[in-house]
Amino acid sequence: MFPGGSGAGAVPERHRSAACSRPGTGSKRAWGAGQDGRMRLRIFTEPQQGADYATLLRVAKATEDLGFDAFFRSDHYLKMGPGSGLPGPTDAWITLAGLARETRTIRLGTLMSPATFRYPGPLAISVAQVDQMSGGRVEFGFGAGWFEQEHTAYGIPFPDLGERFARYEEQLAIITGLWQAREGQPFSFAGQYYTISDSPALPKPAQRPRPPVLIGGAGPRRTPRLAAAFADEFNVPFHSAPDTAAAFGRVRDACTAAGRAAESMAYSAAQVVCCGRTDAEVERRAAAIGRRPDELRKTGLAGSPAEMAETIGRFAAAGAQRMYLQVLDLTDLDHLELLAADLLPQVS
């Protein structure tokens, strides 16, 4: 992300396997379960800005030990903005496979894996395997892809926006279809860009019928329709509380139009975080990520724990049930400890 967005459009009905169950329409999984009224705080990292696996492991273990709900990471191959980006990018799903074996309770996922990076069949296999390795703790954040420079830097095709959306739609249908197909029943798909013929649709993820799918963005038409068709969680990154509420409303309307209960969707937001017990501490942490406290207070979650709790309350009033805290300085584990000790009890 950092910040970025993913948009989507509706998947034509003819592409859906009969084995697929749409969220909120009778699948065996309790879609949106766990929405118990508590605001859940999740740690969200941007490793492309400069973090190796050992650093991510330390942050993930701290996330788990301190009582946060989940550890998420972006899926990018190139840094953004100033800084060296050293030691270079790490692959999101290889990272999560390692963390799956070195953590025990936290949820693990991406915000968001771009559809441009991987073919849908192999991606379905990778995510299902990581879900197995974690004992069923994976969440699959998936977007259309938006950052052209990382594609040209690593030889990845970057089609125009219309084609990216079309491929994204087909990939969502394929990936969820492979996971949800009944064992022993081959899965096939015929699309404009991808064809699947009599796939055994294996391996199956540990979570049945599939891991939760996250779709994000603030697009007015395609994104809400696609979220209603495929997502278990809808995420709005780096927008104000009023704009977030409006995006949630569009998704609720799309759910209703699709014959799905709007409350079967989980709704979440993502914001950069910069917390301190004193103004000097806030200023120090803001400087460490190249930002100003006044700007962060206006556009993110910044200030004292009480200030941040008040801001999070505005997102809760907008309908957010989960907040992804974008932590950019991954060497500052004291920051996580402060958030767990002084913020988490106020909002959960």
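What counts and what doesn't
Residues numbered from 1 in each chain as written. Predicted model: local features only at pLDDT ≥ 70, side-chain atom pairs only at ≥ 80, totals over all residues. Heavy atoms only, no water. Helix = DSSP H or I, 4+ residues; strand = E, 2+ residues; numbered from the N terminus. Contact = heavy atoms within 4.5 Å. Areas by Shrake-Rupley, 256 points an atom, 1.4 Å probe, with all protein chains shown as cover. pLDDT = per-residue confidence, 0-100. Salt bridge = Lys/Arg side-chain N within 4 Å of Asp/Glu carboxyl O. Buried < 20%, exposed > 50% of the residue type's maximum accessible area, 1.4 Å probe, protein only. Polar contact = N/O pair within 3.5 Å; in protein donor to acceptor, adjacent residues only side chain to side chain. Axes fitted to C-alpha atoms, helices over the stretch in contact; angles between N-to-C directions. Parallel < 35°, antiparallel > 145°, perpendicular 65-115°, else oblique. Left-handed = near helix turned anticlockwise from the far one by under 90°. Nonpolar A, V, L, I, M, F, W, Y, C, P; charged D, E, K, R; others polar.

J.: Let's hear about the overall build of the protein chain: which residues, and what values?
T.: Within the protein chain, the regular secondary structure consists of 11 helices and 12 strands. Taking contacts inside the protein chain between residues at least 6 apart in sequence as the whole, the part at least 24 apart equals 77%. For the protein chain, the computed accessible surface area is about 13700 Å², with 52% contributed by carbon and sulfur atoms.

J.: Any details on the confidence of the model for the protein chain? Residues and values, ideally.
T.: Considering every residue of the protein chain, the mean pLDDT works out to 91; 89% of them sit at 70 or more. This stretch, residues 4–21, has a pLDDT under 50; its non-local contacts, to residues over four places away or in other chains, come to 53 contacts. Here residues 25–35 is a poorly scored stretch, pLDDT under 50, and it has 24 contacts once near neighbours within four places are set aside; other chains count.

J.: Any chance you could break down the pattern of salt bridges for me, citing the residues and the numbers?
T.: Per the stated rule, a full pass over the model turns up 17 salt bridges. Notably, a salt bridge pairs Arg42 with Asp69, separated by 2.6 Å at the nearest N-O pair. Of this pair, Arg42 sits in strand S1 (residues 40–45) while Asp69 is found in the loop between helix H1 (53–65) and strand S2 (70–73), placing the two residues 27 residues apart along the sequence. Comparing Arg42 with Asp69 shows no difference in burial state: the two are buried. With a shortest N-O distance of 2.8 Å, Glu163 and Arg167 are connected by a salt bridge. Of this pair, Glu163 and Arg167 both sit in helix H5 (residues 161–180), four residues apart, which is roughly one turn of the helix.

J.: Explain unusual backbone geometry to me, and be specific about the residues and the numbers.
T.: Each neighbour pair has its own omega, and for Leu86 with Pro87 the value is 10°, a cis peptide bond. Of note, Pro87 is situated in the loop between S2 and helix H2 (92–102). Look at the link from Leu111 to Met112: it is a cis peptide, with omega at -20°. Inspection of the secondary structure puts Met112 in the loop between strand S3 (107–110) and strand S4 (113–114). In this structure, Asp198 is a non-glycine residue whose phi angle is positive, near 50°. Along the polypeptide, Asp198 turns up in strand S7 (residues 195–199). Under the relative-accessibility criterion, Asp198 is labelled exposed at 58%. Located in the positive-phi region is Ala201, a residue other than glycine, with phi close to 55°. When you line up the elements, Ala201 lands in the loop between S7 and strand S8 (213–216). Note on Ala201: relative accessible area 2%, which makes it buried.

J.: Which residues make up H2, and what are the values?
T.: For H2, the set of buried residues is Ala92, Trp93, Thr95, Leu96, Ala97, Leu99 and Ala100. In this fold, the buried residues of H2 make contact with H1, S2, S3, S4, helix H3 (120–134) and strand S5 (138–143). At the N-terminal boundary of H2, the capping side chain belongs to Asp91, with an oxygen 3.1 Å from the backbone nitrogen of Trp93.

J.: Before we move on, can you summarise the packing of H2 against H3 with the specific residues and values?
T.: Where H2 meets H3, the closest approach of the two axes is 8 Å, and the angle between their N-to-C directions is 15°. In terms of orientation, H2 and H3 fall into the roughly parallel class. As for the relative orientation of H2 and H3, their crossing is left-handed in sense. Contacts between H2 and H3 involve Trp93, Leu96, Ala97, Ala100 and Arg101 on the former and, on the latter, Leu123, Val127, Val130, Met133 and Ser134. Residues that form the contact of H2 with H3 fall into these classes: eight nonpolar, one polar and one charged.

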